[in-house]
Amino acid sequence: MIKLLLLSLAIIVVNSVIFSQTDNWQTYFEKTNYLKSPLYDETIEYFKRIDEISPFARMNTIGISPQGRELKCMIVSKDKAFTPAGAKQTGKPVILVVNGIHSGEIEGKDASMLLLREILVTKEKEWMIENVILLIIPVFNVDGHENMSRYNRINQNGPEEMGKRTTAHNLNLNRDWLKADSPEMQSLLKLFSEWLPDFLIDNHTTNGADYQYTITYGIEKSLNIDGEIGEWVREKFIPFITKKSTDAGYNIFPYVAFRNWREGFKSGVQDFPAPPRFSTGFAAAHNRPALLAETHMLKPFKDRVFATKVIIESVIEYANFNSYELITINRSADKNTIEKYAKHRTQFPINLKLSAQHVTVPFEGITWDEIPSNISGTLKKVYTGRDTTFDINFYNNVEVADYVSVPKGYFIPKEYENLVERLKLHGVEVSVLNEDEMHTVSRYRFSNVKLAGSSYEGRQRASFDIEEYREQALIPAGTFFVATNQRTLRVILHLLEPVGEDSFIKWGFMNAIFEQKEYFESYVMEKIAEEMLADDPALLREFENRLNSDEEFRNNPYERLNFFYKRSPYWDSSLNVYPVMRLE
């Protein structure tokens, strides 16, 4: 009886200590009745307090924002492995959690504070870091976070004030994962390359339609990621997080992206593989799984924070109990990528598309009425708030839109060192030629070049047709060489192959190569053209055939002279030619 009484008293004491600790460690989110999220300084102060009291946590500065704010990362390790080398020695998987890449979508920050308190302060969930190491970015878009307003996100239900979607440079960081224009992303890529996390969590809030799901998700599982990882995602990971979320009371569905946004649900939803400008596609290019968590904008802020917390916990829990499995499939993906594409030269699927094939799935939606609008002059959608379940077309059959052959490597001229610096941020290994070398190379020539009519993410994107040709080329000393037989092969191809939708050249890094810099005077070209015709009967026949078959050409004096200029030795042979060469 006395032992039982003592045990009961001990439990009471322990619980009272936990409750006292929880009260002392209340977050701003909790203190405001789950209606507000703290400013950046107050957020970081909370993380610093955890750093001070826990031997298993360390707060590092990983970069500086354009407005001078420090970008922070909290490292959590039971082994006190606070460096990439130390983490690797533990043999434990590393999970990177990125919060506030769109700083108005901030649930992940508050969810991380609650979770770290339970792991490191009250220690009720300390078991979660037995077999994993955590890297947590409290807020990624720090300048946007401090640009708080009640009016930053018209579609969103709380918090009372929220940050802005974009950075101080008005860039959307979740389009910057591959091209890395922003200093924030450059800092994060350096962290990523040094630590090479085994799993990435990217926390967001949706825009879009109304429906019952508190949270939706995106994760790569198709042709843009290693097959073994894709199978693991489909067969093991998705069922696990789905059950965890549902058991916690938060219904879940794949990210709701309409086939046609104007038509909405009538067009069906699609599960499209993300290109590497987005977080999940970026991680896939690095042979790593990544989870996009998207809470529903219209659900209360409190529910969104706790649903995000459940998702983060689910990933950590799975990794904690299956750490060897996660490490193994990632390392295997690195080897498979080199073996399949660099050694056996298998065609690489660089651009993907969805086919018209679909399946029908049940969808937990909200009923709506369509009512004539005097404002827009069309039918307006009015959600009724009544739950309904209906069948919807779900498009998830992925096909290859473009393949590329994989060369042994790429020669990048010394004058394009800016491209090399971006590659290195991704962990790409680059060497430099010490002397001139002669090689057979393949090259690309562009035609029908069009630059976008407006900028996108601060860049004027380019489109073009591509012609490939081969030549013997003298590669001068000082040229950079990027071999493809390395872990980052997918990243290399996406950036250096022009057909890739996120290639350097399509993002406008090299638009100057499309600009003609020398021109002819007509009276000079008239004389040269006459000499060319007199010396080359075949050219005369070609010119006459063009005159006879092309009326527009026949009636355009400039183009008639330009016909000869393009075939003369004065023509700039480097115009519209890709400076990067492929070593075959």
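Q: Explain the nonpolar core here, please?
A: Most often, soluble globular proteins keep nonpolar side chains buried together rather than apart. Of all hydrophobic cores here, the largest spans 87 residues; its most connected members are I95 and F199. F199 has contacts with V94, I95, L96, I219, W232, F237, P289, A290, L291, V315 and L326, leaving out every residue within four places of it along the chain. Of all hydrophobic cores here, the second largest spans 36 residues; its members include V428, V491, F504 and F514.

Q: How should I be thinking about the layout of surface pockets in this particular structure?
A: In this approach, a probe sized like a water molecule rolls over the atoms, and the result shows the empty space that is left. As a volume, the largest pocket reaches approximately 790 Å³. Along its surface, the largest pocket is lined by 34 residues, and Y255, A257, F272, A274 and L292 are the ones closest to its centre. For the lining of the largest pocket, the elements supplying multiple residues, two or more each, are β5 (199-205), β6 (215-218), α9 (279-285) and β9 (290-295). For the lining of the largest pocket, the residue count by class is 13 nonpolar, 13 polar and eight charged.

Q: What is the right way to read the sheet that holds strand β11 (residues 359-372) from this model?
A: Hydrogen bonds along the backbone pair up the strands of a sheet, which may run parallel or antiparallel. If you walk across this open sheet you meet the three strands as β8-β12-β11, and the pairing is mixed. Strand pairing shows two members of the sheet lacking a second neighbour, β8 (269-270) and β11, which therefore form its edges. Here two bridges tie β8 to strand β12 (residues 379-395), and the two strands are oriented parallel to one another. Paired with V269 across the strands is F394, a residue of β12.

Q: Looking at this structure, how should I read the pairing of strand β4 (residues 133-137)?
A: Regular strands place their side chains on alternate faces of the sheet. In terms of residue burial, β4 counts as a mostly covered element, since five of its five residues are buried. The side-chain alternation of β4 yields two buried faces, one formed by I133, L135 and I137 and the other by L134 and I136. In this sheet, β4 lies alongside strand β2 (residues 70-76) in antiparallel orientation, the contact comprising three bridges. Bridge pairing links M74 to I136 in β4. Pairing of strand β3 (residues 94-98) with β4 involves five bridges; the strand directions are parallel. Paired with V97 across the two strands is I136, which belongs to β4. Of the crossover connections in this fold, the one passing from β3 over helix α5 (residues 107-121) to the parallel β4 is right-handed.

Q: Help me understand the confidence of the model for the protein chain, please; the structure alone is not making it clear to me.
A: For the protein chain, the mean per-residue pLDDT works out to 95, and 96% of the residues sit at or above 70. The low-confidence segment residues 10-19 (pLDDT under 50) makes one contact with residues lying over four places distant or belonging to another chain.

Q: Would you mind going over empty space enclosed by the protein with me for this structure?
A: The full count for this structure, using the stated rule, is one cavity of 30 Å³ or more. Space inside the largest cavity adds up to approximately 30 Å³. Contributing to the lining of the largest cavity are F199, W232, F237, V315, Y318, A319 and L326. Those elements that provide at least two residues to the lining of the largest cavity are α8 (227-247) and α10 (301-321).

Q: Is there a simple way to think about unusual backbone geometry in this case?
A: What is expected of a backbone is that most residues other than glycine have negative phi and most peptide bonds are trans. In this model, G158 is joined to P159 through a cis peptide bond whose omega is 5°. With respect to the helices, strands and loops of the structure, P159 is situated in the loop between α6 (142-146) and α7 (183-195). Although it is not a glycine, Y34 sits at a positive phi angle of roughly 65°. Assignment of secondary structure puts Y34 in the loop between α2 (28-31) and α3 (40-53). Its relative accessible area of 24% is what places Y34 among the partly exposed residues. Of note in this structure, E457 is not a glycine but carries a positive phi near 55°. For E457, the location among the structural elements is in the loop between β16 (437-451) and β17 (462-475). Overall, the relative accessible area of 16% leaves E457 in the buried class.

Q: What am I meant to see in the pairing of strand β18 (residues 480-483) here?
A: Direction of pairing for strand β14 (residues 409-412) relative to β18: antiparallel, over a ladder of four bridges. Paired with Y410 across the strands is V482, a residue of β18. Two strands pair when backbone bridges link them, and strand β15 (residues 431-432) and β18 are joined in this way by two bridges, in the antiparallel orientation. Bridge pairing in β18 links S431 to F481.

Q: I tried to follow the packing of aromatic side chains on my own but got confused; where do I start?
A: The description of two aromatic rings rests on the distance between their centres and on the angle between their planes. Applying the stated rule across the entire model yields 45 aromatic pairs. Each ring, one from Y341 and one from F348, has its centre 5.1 Å from the other, and the planes form 80°; the classification is edge-to-face. Under the relative-accessibility criterion, Y341 is labelled buried at 4%. Within the aromatic cluster, the residues linked to one another by ring pairs are Y211, Y213, F253, F258, W261, F265, F363, W368, Y383, F390 and F394.

Q: Sorry if this is basic, but what is going on with helix α15 (residues 537-549) here?
A: Helical geometry note: an α-helix holds 3.6 residues per turn, so side chains three or four residues apart project in the same direction. If you check α15, its first and last C-alpha atoms are 18 Å apart, about what 13 residues at 1.5 Å a residue would give, namely 18 Å. Taken residue by residue, α15 has L539, F543 and L547 as its buried positions. End-on view of α15: buried residues confined to an arc of 75°, all on one side of the axis. For α15, the exposed residues set more than 90 degrees away from the buried face come down to P537, N545, N548 and S549.

Q: Explain the pattern of salt bridges here, please?
A: Side chains that differ in sign of charge can pair as their charged atoms come close. Inspection of every chain in the model, using the stated rule, returns 38 salt bridges. Where D550 meets R546, a salt bridge forms, and the shortest distance between an N and an O atom there is 3.4 Å. Taking relative accessible area as the criterion, R546 reaches 33% and is therefore assigned partly exposed. Among the charged side chains, a network of salt bridges with common partners joins D176, K179, D181, R422 and R459.

Q: What should I look at first to understand the side chain of Q156 in this one?
A: Summarising the element assignment, Q156 is placed in the loop between α6 and α7. Taking relative accessible area as the criterion, Q156 reaches 9% and is therefore assigned buried. Looking at Q156, its side chain comes within polar contact range of the side chain of R153, at 2.3 Å. There is a polar contact of 3.0 Å between the side chain of Q156 and the backbone oxygen of G158.

Q: I would appreciate a short explanation of the sheet that holds β14 in the present structure.
A: The strand order across the open sheet formed by six strands is β15-β18-β14-β19-β16-β17, and the pairing between neighbours is antiparallel. Both outer strands of the open sheet, β15 and β17, are each paired with one neighbouring strand and no more. Taken together, the 13 bridges between β16 and β17 define a ladder with antiparallel strand orientation. For H439, the partnering residue across the bridge sits in β17 and is A473. Along the sheet, helix α13 (residues 489-496) contacts β14 and β18; its crossing angle with β14, the most-contacted strand, is approximately 50°.

Reading the values: rules and limits
- Residues numbered from 1 in each chain as written.
- Predicted model: local features only at pLDDT ≥ 70, side-chain atom pairs only at ≥ 80, totals over all residues.
- Heavy atoms only, no water.
- Core = buried A, V, L, I, M, F, W, Y, C linked by side-chain atoms within 4.5 Å.
- Buried < 20%, exposed > 50% of the residue type's maximum accessible area, 1.4 Å probe, protein only.
- Contact = heavy atoms within 4.5 Å.
- 1 Å grid on protein atoms, 1.4 Å probe; cavity = no way out; pocket = protein on both sides within 12 Å on 5 of 7 lines; lining within 4 Å.
- Points joined across faces, edges and corners; volume = space filled by probe spheres on them.
- Helix = DSSP H or I, 4+ residues; strand = E, 2+ residues; numbered from the N terminus.
- Nonpolar A, V, L, I, M, F, W, Y, C, P; charged D, E, K, R; others polar.
- Pairing = 2+ DSSP bridges.
- Right-handed = clockwise from strand over helix to strand, strands pointing away.
- pLDDT = per-residue confidence, 0-100.
- Phe/Tyr/Trp six-rings, centres within 6.5 Å; stacked < 30°, edge-to-face > 60°.
- Expected span 1.5 Å × (residues − 1).
- Arc of directions from axis to C-beta.
- Salt bridge = Lys/Arg side-chain N within 4 Å of Asp/Glu carboxyl O.
- Polar contact = N/O pair within 3.5 Å; in protein donor to acceptor, adjacent residues only side chain to side chain.
- Axes fitted to C-alpha atoms, helices over the stretch in contact; angles between N-to-C directions.

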